[in-house]
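Structure at a glance
Below are the chains, spelled out letter by letter.
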Amino acid sequence: QKLIAGFDGDSVYLLDADRVVCFYSSGQKVMARSDRGEFSLRLRLYELEERLDSSRFVRISNSEIINLGKVEKIDLSFTGTICIHMSDGSLSYASRRYVSRVKKALGI
(Lines give C-alpha, C1' and ligand atoms only; values in the text may rest on other atoms or scores of the structure.)
Protein backbone atom coordinates (compact mmCIF):
# COMPACT_ATOMS: atom_id res chain seq x y z
CA GLN A 1 0.00 0.00 0.00
CA LYS A 2 1.48 3.28 -1.11
CA LEU A 3 -0.61 5.81 0.84
CA ILE A 4 -0.67 5.99 4.62
CA ALA A 5 -2.88 8.28 6.72
CA GLY A 6 -0.83 10.59 8.92
CA PHE A 7 -2.32 12.84 11.58
CA ASP A 8 -1.22 16.30 12.67
CA GLY A 9 -3.67 17.69 15.19
CA ASP A 10 -7.14 17.58 13.63
CA SER A 11 -5.80 17.25 10.09
CA VAL A 12 -5.29 14.01 8.18
CA TYR A 13 -2.60 13.85 5.51
CA LEU A 14 -2.14 11.13 2.92
CA LEU A 15 1.54 10.25 3.03
CA ASP A 16 3.30 8.66 0.08
CA ALA A 17 5.36 5.83 1.60
CA ASP A 18 8.24 6.53 -0.82
CA ARG A 19 8.65 10.03 0.67
CA VAL A 20 8.75 8.78 4.27
CA VAL A 21 12.27 8.60 5.74
CA CYS A 22 11.31 6.34 8.65
CA PHE A 23 8.55 5.09 10.90
CA TYR A 24 9.32 4.92 14.61
CA SER A 25 7.61 4.46 17.94
CA SER A 26 7.74 7.25 20.48
CA GLY A 27 6.10 6.36 23.75
CA GLN A 28 2.73 4.87 22.87
CA LYS A 29 2.58 6.51 19.42
CA VAL A 30 3.89 5.47 16.04
CA MET A 31 5.30 8.37 14.03
CA ALA A 32 6.26 8.91 10.40
CA ARG A 33 9.07 11.32 9.51
CA SER A 34 8.90 12.55 5.92
CA ASP A 35 10.01 15.50 3.83
CA ARG A 36 6.65 17.10 4.79
CA GLY A 37 7.25 16.84 8.55
CA GLU A 38 6.35 14.42 11.34
CA PHE A 39 2.96 12.76 11.60
CA SER A 40 1.37 10.37 14.07
CA LEU A 41 -0.15 7.15 12.74
CA ARG A 42 -2.92 4.91 13.96
CA LEU A 43 -1.07 1.76 12.95
CA ARG A 44 1.40 -0.31 14.94
CA LEU A 45 4.90 -0.94 13.58
CA TYR A 46 4.15 -4.60 12.89
CA GLU A 47 1.08 -3.56 10.85
CA LEU A 48 3.22 -1.13 8.85
CA GLU A 49 5.85 -3.80 8.31
CA GLU A 50 3.19 -6.07 6.78
CA ARG A 51 1.86 -3.29 4.50
CA LEU A 52 5.16 -1.86 3.25
CA ASP A 53 7.24 -3.20 0.36
CA SER A 54 9.93 -5.36 2.00
CA SER A 55 12.39 -4.58 -0.81
CA ARG A 56 12.28 -0.86 0.08
CA PHE A 57 11.58 -0.80 3.82
CA VAL A 58 13.44 -2.73 6.53
CA ARG A 59 12.93 -2.96 10.25
CA ILE A 60 16.17 -2.03 12.02
CA SER A 61 15.03 -2.30 15.64
CA ASN A 62 11.96 -2.99 17.75
CA SER A 63 11.07 0.68 17.43
CA GLU A 64 12.01 1.71 13.87
CA ILE A 65 11.47 0.92 10.18
CA ILE A 66 13.56 2.81 7.61
CA ASN A 67 13.13 3.57 3.92
CA LEU A 68 16.18 2.13 2.12
CA GLY A 69 15.77 4.75 -0.62
CA LYS A 70 16.49 7.47 1.96
CA VAL A 71 19.76 5.97 3.25
CA GLU A 72 22.76 8.22 2.53
CA LYS A 73 25.58 6.34 4.25
CA ILE A 74 26.14 3.32 6.48
CA ASP A 75 28.81 3.19 9.17
CA LEU A 76 29.86 -0.36 10.04
CA SER A 77 32.59 0.67 12.48
CA PHE A 78 30.33 0.27 15.52
CA THR A 79 30.82 -3.12 17.17
CA GLY A 80 27.69 -5.23 16.90
CA THR A 81 25.50 -2.54 15.39
CA ILE A 82 25.17 -0.37 12.29
CA CYS A 83 24.87 3.44 12.22
CA ILE A 84 22.68 4.60 9.34
CA HIS A 85 22.82 8.18 8.05
CA MET A 86 19.48 9.19 6.53
CA SER A 87 18.84 11.75 3.77
CA ASP A 88 17.23 14.22 6.20
CA GLY A 89 20.41 14.31 8.31
CA SER A 90 19.12 12.04 11.07
CA LEU A 91 20.98 9.01 12.41
CA SER A 92 19.44 5.61 13.06
CA TYR A 93 20.99 2.59 14.69
CA ALA A 94 20.24 -1.02 13.80
CA SER A 95 20.07 -3.14 16.92
CA ARG A 96 22.17 -6.32 17.09
CA ARG A 97 19.09 -8.46 16.64
CA TYR A 98 18.34 -6.81 13.27
CA VAL A 99 21.89 -6.32 11.89
CA SER A 100 21.82 -9.43 9.69
CA ARG A 101 18.41 -8.45 8.27
CA VAL A 102 19.70 -4.95 7.44
CA LYS A 103 22.86 -6.29 5.79
CA LYS A 104 20.82 -8.73 3.72
CA ALA A 105 18.42 -5.97 2.59
CA LEU A 106 21.38 -3.79 1.58
CA GLY A 107 23.33 -6.62 -0.05
CA ILE A 108 26.38 -6.32 2.23
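First things first, this report covers the structure right here in the doc.

The rules behind these values
- Residues numbered from 1 in each chain as written.
- Predicted model: local features only at pLDDT ≥ 70, side-chain atom pairs only at ≥ 80, totals over all residues.
- Heavy atoms only, no water.
- Helix = DSSP H or I, 4+ residues; strand = E, 2+ residues; numbered from the N terminus.
- Buried < 20%, exposed > 50% of the residue type's maximum accessible area, 1.4 Å probe, protein only.
- Salt bridge = Lys/Arg side-chain N within 4 Å of Asp/Glu carboxyl O.
- Pairing = 2+ DSSP bridges.
- Axes fitted to C-alpha atoms, helices over the stretch in contact; angles between N-to-C directions.
- Contact = heavy atoms within 4.5 Å.
- Patch = residues over 30% accessible without salt bridge, like charges linked within 9 Å, V, L, I, M, F, W, Y side chains within 5 Å.
- Areas by Shrake-Rupley, 256 points an atom, 1.4 Å probe, with all protein chains shown as cover.

With that out of the way, let us pick up the overall build of the protein chain. A count of helical and extended segments in the protein chain gives two helices and 10 strands. Counting from the amino terminus, helix and strand elements in the protein chain follow one another as β-β-β-β-β-α-β-β-β-β-β-α. Its C-alpha atoms give the protein chain principal-axis dimensions of about 45 × 25 × 25 Å. The burial tally for the protein chain puts 41% of its 108 residues in the buried class.

Moving on, we get to the pattern of salt bridges. Considering all chains together, one arrives at eight salt bridges under this definition. For the salt bridge of Lys-2 with Asp-18, the shortest nitrogen-to-oxygen distance reads 2.2 Å. You can see Lys-2 sitting in the segment before β1 (3-8) and its partner Asp-18 sitting in the loop between β2 (11-16) and β3 (20-26), a full 16 residues away along the chain. Among the ionic pairs, Asp-35 bridges to Arg-19, the shortest N-O distance being 3.0 Å. In this pair, Asp-35 is assigned in the loop between β4 (29-34) and β5 (37-41) and Arg-19 in the loop between β2 and β3, connecting sequence segments 16 residues apart. Linked through salt bridges whose partners overlap, the residues forming this network are Lys-2, Asp-16, Asp-18, Asp-53 and Arg-56.

A separate point is the sheet that holds strand β10 (residues 91-94). The strand order β8-β9-β10 describes an open sheet built from three strands, whose pairing is antiparallel. The sheet terminates laterally at β8 (71-75) and β10, the two strands that pair on one side only. Neighbour to neighbour, the strand axes of the sheet diverge by 25 degrees on average, direction disregarded. The pairing of β8 with strand β9 (residues 82-86) spans four bridges and is antiparallel. Note that in β9 the partner of Lys-73 across the bridge is His-85. Packing against the sheet, helix α2 (residues 99-106) makes contact with β8, β9 and β10, and its axis sits at approximately 50 degrees to β9.

Note on placement: Val-12 falls in strand β2. The class for Val-12 is exposed, based on a relative accessible area of 51%. In sequence terms Val-12 and Leu-106 are 94 residues apart; their C-alpha atoms lie 33 Å from each other.

Here we come to a nonpolar patch on the surface. On the surface, Phe-78, Leu-91 and Tyr-93 cluster together into a nonpolar patch covering about 280 Å² of accessible area. Take Leu-91: it is sitting in strand β10.

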